[in-house]
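Notes for the structure review
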Amino acid sequence: MEEVFNNILKYTPNAETIHQQFILTQTKFENNKLKYINTKQINGLGLRVIKEGKIGFSSTTNLTNPSQLIENAIISAKFGQEAKFEFPTKPHIPPQIKIFDKEVENFSIEQGVELGKSLIDRLSNIEPELFCKELEINKTILETKIMNTSGVDFEYQKTIFTFCVTGLLVRNNSLLWLTEYVSGCNLNKDINSIVSKINESLAWSKNELSAKPKKLPAIFTPKLIPTLLETIKLGVNGKLVQKGISPLIGKLGERIFDDKITIYDDATMDFGISSCPVDGEGIATRKTPLIEQGVLKNYIFDLQTAGFLKTNSTGNGYRDFDSLPAPHCSNIVVLPGNMDFYEMIKDMKEGIIIDLVLGGGQSNVLAGEFAFNVELGFKVENGEVVGRLKDTMVACNLFDIFNKIRAIGSKLSDWEGVRSPHFYIDEVNVTGIG
């Protein structure tokens, strides 16, 4: 990396290198049996230059030939986008956050196999007909080093541990899919919570029901929230703001949601799956309010989009070594409310719980329009769960339902990079065969 950095100065005084090394270990089970154990390592280097005012970029995993990397970056600059930024010049103090766990680093393949077998045994004891269709345990050790010609020279190590299980139960000629997932930078091998959630879903699924077409109150579990918040993640993205296609343009300072809703982008959260001390451009990360008490507070930017709009980067220029930076959200955190999930159920005379959906991406996500096939959901009558929803669809608009909030849950759960409580919605449009 230092050799590239020194040689590039012969061609341009404005350059940046990013070196990353991933070591990924996967332990995968299928149909209750160990399928494979795999370890792969990726070692790569990316080079971004500004040459005659334009951006050039190249990357390689062949670290023995740096001259080709440099030549490619310089040539590509002839056809690159006009640079609207300068590489950061001032030394910065990155936040002190916990993203490396020695227990993850030391977690062995044998421990992964034992953990998988233990979960399969626990689930088989609950329901002998339940198959673990897929069970995957991954650990990643990541090393990143960023340098630029303006003085940034920073490196960090990060661990990632993920644990995902998908079970299948064939009952009465219908398929019941159950999925649970944990992720973070720390070692979380507590299978008790996974077993408890699957056990509860199995108990609530003994009866199968279809909702009649009508408007009903709904509880959205934290598994559904990442799909819904795609609209916000796209809307605050500086690239879409720059292009003029974000639905949130011109709405900074306006109330767009119920005042119970506060949402942050927070890369400084200890052990968050997307946490890091600096972004892919060497800018210190931060906790950025996106929505505060229903009011839109900020967009997010990398250096280039911030330059276009004559503002500052928010430390959201994310990338791998083989790609240019682009604005992306990190960890999304929704502040909790004060109502317990089971209190929400007791409060319902008639309603539904939506846990997992199919087809959320087939709607106009940018405009907040969603239409879901309910993959896993439940019917509630007189304060009790009476069965699993079958053949049911739900349609809603995010900007409509997030202004009809009955309550926000008091407990946070992580799912796909979003830390969220349950949402108790006043009404959604439900379609079923009744």
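To start, this report covers the structure provided alongside it. (Residues numbered from 1 in each chain as written. Predicted model: local features only at pLDDT ≥ 70, side-chain atom pairs only at ≥ 80, totals over all residues. Heavy atoms only, no water.)

Right, let's get into the overall build of the protein. Scanning the protein from terminus to terminus reveals 11 helices and 22 strands. By the compact-globule yardstick of 22 Å for 434 residues, the protein fits well, its C-alpha radius of gyration being 24 Å. Seen along its three principal axes, the alpha-carbon backbone of the protein occupies a region of about 75 × 55 × 35 Å. Classification of the 434 residues of the protein by burial places 53% in the buried group. If you take every contact in the protein between residues at least 6 apart in sequence, the share linking residues at least 24 apart comes to 72%. Approximately 19,500 Å² of the protein is accessible, and the part contributed by carbon and sulfur atoms is 47%. Within the protein, one finds 47 positive and 53 negative side-chain charges whose respective centroids are separated by 2 Å. (Helix = DSSP H or I, 4+ residues; strand = E, 2+ residues; numbered from the N terminus. Rg over C-alpha atoms; globule rule 2.2 N^0.38 Å. Buried < 20%, exposed > 50% of the residue type's maximum accessible area, 1.4 Å probe, protein only. Contact = heavy atoms within 4.5 Å. Areas by Shrake-Rupley, 256 points an atom, 1.4 Å probe, with all protein chains shown as cover. Lys, Arg positive; Asp, Glu negative; His and termini not counted. Charge placed at Lys NZ, Arg CZ, Asp CG, Glu CD.)

Read across the open sheet, the six strands follow the order β3-β2-β1-β4-β5-β6; overall the sheet is antiparallel. Bordering the open sheet on either side are β3 (54-60) and β6 (174-184), each of which pairs with just one other strand. Strand-to-strand, the axes of this sheet are offset by a mean angle of 20°, without reference to chain direction. Here strand β4 (residues 131-148) runs beside strand β5 (residues 153-171); their pairing, made up of 16 bridges, is antiparallel. Note that in β5 the partner of N138 across the bridge is T162. Running over the sheet, helix α2 (residues 66-77) touches β2 (33-51) and β3 and is turned about 150° from β3. (Pairing = 2+ DSSP bridges. Axes fitted to C-alpha atoms, helices over the stretch in contact; angles between N-to-C directions.)

Proximity of charged atoms lets side chains of opposite charge pair with each other. A complete count under the given rule lists 24 salt bridges for this structure. Measuring nitrogen to oxygen at the nearest pair gives 3.0 Å for the salt bridge that ties E16 to R48. Pair noted here: E16 is in strand β1 (residues 15-30) and R48 is in strand β2, with a separation of 32 residues, a long-range link. The burial state of E16 is the same as that of R48; both residues are buried. A salt bridge links K233 to E230, with the nearest nitrogen and oxygen atoms 3.5 Å apart. Highlighted residues: K233 and E230, both in helix α7 (residues 230-235), separated by three residues, approximately one helical turn. (Salt bridge = Lys/Arg side-chain N within 4 Å of Asp/Glu carboxyl O.)

Here we come to the packing of aromatic side chains. Counted according to the given criterion, the structure contains 12 aromatic pairs. The structure contains a cluster of three or more aromatic residues connected by ring pairs, namely W204, F341, Y342 and F378. The lysine or arginine in question, K287, covers the ring of Y264, its NZ or CZ lying 4.5 Å from the ring centre. (Phe/Tyr/Trp six-rings, centres within 6.5 Å; stacked < 30°, edge-to-face > 60°. Lys NZ or Arg CZ within 6 Å of the ring centre and 35° of its normal.)

Take the sheet that holds strand β10 (residues 287-292) next. A sheet is described by the order of its strands in space; here six strands give the open sequence β11-β10-β9-β14-β21-β20, paired in mixed fashion. Edge positions in the sheet fall to β11 (295-296) and β20 (413-415), since each of these pairs with one other strand and no more. Alignment of strand β14 (residues 332-334) against strand β21 (residues 418-420), held across two bridges, turns out to be parallel. Following the sheet pairing, I332 is matched in β21 by V418.

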